[in-house]
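# Descriptive structure summary
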There are 2 protein chains.
Amino acid sequence: MRNFIVVGHKATTTPNFSLEDIPGTSGRLDILCRAVTAAFVISHGIRKDVCVFLVLLGGEVPKTIRLVGETLRHLNPDERTTAALLKKALAVPATPQWALSTSGIFVRTGGLAEVLADLLDAKLIYLREDGADIRGFDESGLSGEAAFILGDHTGMTPEEEALIEQAGARVVSLGSTSLHADHCIVLLNWFLDTKVFMQG
Amino acid sequence: MRNFIVVGHKATTTPNFSLEDIPGTSGRLDILCRAVTAAFVISHGIRKDVCVFLVLLGGEVPKTIRLVGETLRHLNPDERTTAALLKKALAVPATPQWALSTSGIFVRTGGLAEVLADLLDAKLIYLREDGADIRGFDESGLSGEAAFILGDHTGMTPEEEALIEQAGARVVSLGSTSLHADHCIVLLNWFLDTKVFMQG
């Protein structure tokens, strides 16, 4: 299973945003929409072996939306459709337990610490420009249950970095060019598809 | 310079589509919008050394929109903003000569044959799943003036494939998983950034 964790530091936790201006009204939920598409969408299909955690920190109480490829429905490649699915999920009353929104989409209260606690058994990889080159990894380093942690346009806070370090994540880089989270996910999926890192 | 040519077989050539339903009203111009973002957008910036040709074949007369990184303005990472820029370009009266729309965005009549004629001196690479593995290329094969040709969700027609072959393009593959055009462009930019193909 490939898990992608994306932290939206200003991302709204309510459905009160406009699909006509997602970047301007949702705390940049558009970044997370594109991350979802990058994680799941291939030509004529959805990746079944992917799970995405969107950590939304732009409200009074953090919320997390989880999307599970195995049962995910209604996901189209365009940004607005994804935003509409997230809007529905944010209208579901959230508690510390996962509640189902539409098929394959779940929501709960809680933030990054809770997601990391869920993924105790996964190999945690934190993407940062100054990390170790991903091409240096052997296959065992990235196969199996892997979880990739990515920030949004604001980067991680020192507190989040401490949490990630305590969870035992390795810090890995995709190169010196600073890329958007969705583009990093495209590259990670390709690495896992082709196992190119075996040749690094 | 990195050139990306994306053919939208059903993409509208008029501005008469709705920004509230881009996939449903524009002949899948959303695919081309995402290709534009993948080609240009990096964290906190635009790639200056990129040029994108969008070949729009969904109207009575083919049109091509050209986006030039060096002078491109107003491009945001979200899909709707890009669609709005393309909408403006499609409202400009088009002739066989390039006409300026907003900064860095040009439009003319003509399709794939005309774009290939513009790029006579570039190394042409046609992306197709059954092509030669991109990791087998040495640096000289992809550096310099390169032009990558990508299809949309419908694939190329036999006539287009013949044009591309006559132009001398090499057929290259990014792997056996069939990916969307924008995801291919993310990978190609990364290859060119990191020169990983030198290790293939």
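Structure's up top.
Quick look at the structure, then. Worth saying up front: this structure is predicted, and the values here are computed from it rather than measured.

Reading guide: rules and limits
- Residues numbered from 1 in each chain as written.
- Chains lettered and ligands numbered in written order.
- Predicted model: local features only at pLDDT ≥ 70, side-chain atom pairs only at ≥ 80, totals over all residues.
- Heavy atoms only, no water.
- Pairing = 2+ DSSP bridges.
- Helix = DSSP H or I, 4+ residues; strand = E, 2+ residues; numbered from the N terminus.
- Contact = heavy atoms within 4.5 Å.
- Axes fitted to C-alpha atoms, helices over the stretch in contact; angles between N-to-C directions.
- Phe/Tyr/Trp six-rings, centres within 6.5 Å; stacked < 30°, edge-to-face > 60°.
- Buried < 20%, exposed > 50% of the residue type's maximum accessible area, 1.4 Å probe, protein only.
- Lys NZ or Arg CZ within 6 Å of the ring centre and 35° of its normal.
- Least-squares fit on C-alpha atoms with pLDDT ≥ 70 in both.
- Core = buried A, V, L, I, M, F, W, Y, C linked by side-chain atoms within 4.5 Å.
- Domains from an automatic or database assignment.

## A short note on the sheet that holds strand 5 (residues 63-68) of chain B
Residue and element names in this part refer to chain B. Read from one edge to the other, the open sheet built from eight strands follows the order 6-7-5-4-1-9-8-10, with strand pairing classed as mixed. Edge positions in the open sheet fall to strand 6 (99-100) and strand 10 (170-173), since each of these has one partner strand only. Bridging between strand 6 and strand 7 (residues 105-109) involves two bridges; their strand directions are antiparallel. Residue pairing for strand 7: L100 is matched across the bridge by F106. Each of strand 4 (50-56), strand 5 and strand 7 is contacted by helix 3 (residues 79-91), which is oriented at about 125 degrees to strand 5, the strand it contacts most. Strands in contact with helix 6 (residues 181-194) are strand 1 (2-8), strand 4, strand 8 (123-133) and strand 9 (146-150); relative to strand 1, the strand with the most contacts, it is inclined by about 170 degrees.

## Topic: the packing of aromatic side chains
Under the criterion given, the structure shown has eight aromatic pairs over all chains. Arranged with centres 5.3 Å apart and planes meeting at 85 degrees, the rings of A:W190 and B:F191 form a pair that is edge-to-face. Here A:W190, found in helix 6 (residues 181-194), pairs with B:F191, found in helix 6, and the two come from separate chains. B:F191 matches A:W190 in its accessibility class, with the two residues each being buried. Here B:R66 stacks its cationic end above the ring of B:F106, 4.8 Å away from the centre of that ring.

## Looking at the relation of the copies chain A and chain B
Laying chain A over chain B is done by rotating through 180 degrees and shifting 0.0 Å along the axis; what remains is an RMSD of 0.0 Å. With respect to symmetry, the two chain copies, as superposed, fit the operation of a two-fold axis.

## Section: the nonpolar core
Counting residues in hydrophobic clusters, the biggest one holds 105 residues, and the most contacted among them are A:L54, A:I65, B:L54 and B:I65. Counting contributing residues per domain, this core is built from domain 1 (2-109) and domain 2 (114-194) of chain B, each supplying no fewer than three. With residues up to four places along the chain from it excluded, the contact list for B:L54 reads B:V6, B:L32, B:V36, B:K63, B:T64, B:I65, B:L67 and B:L86.

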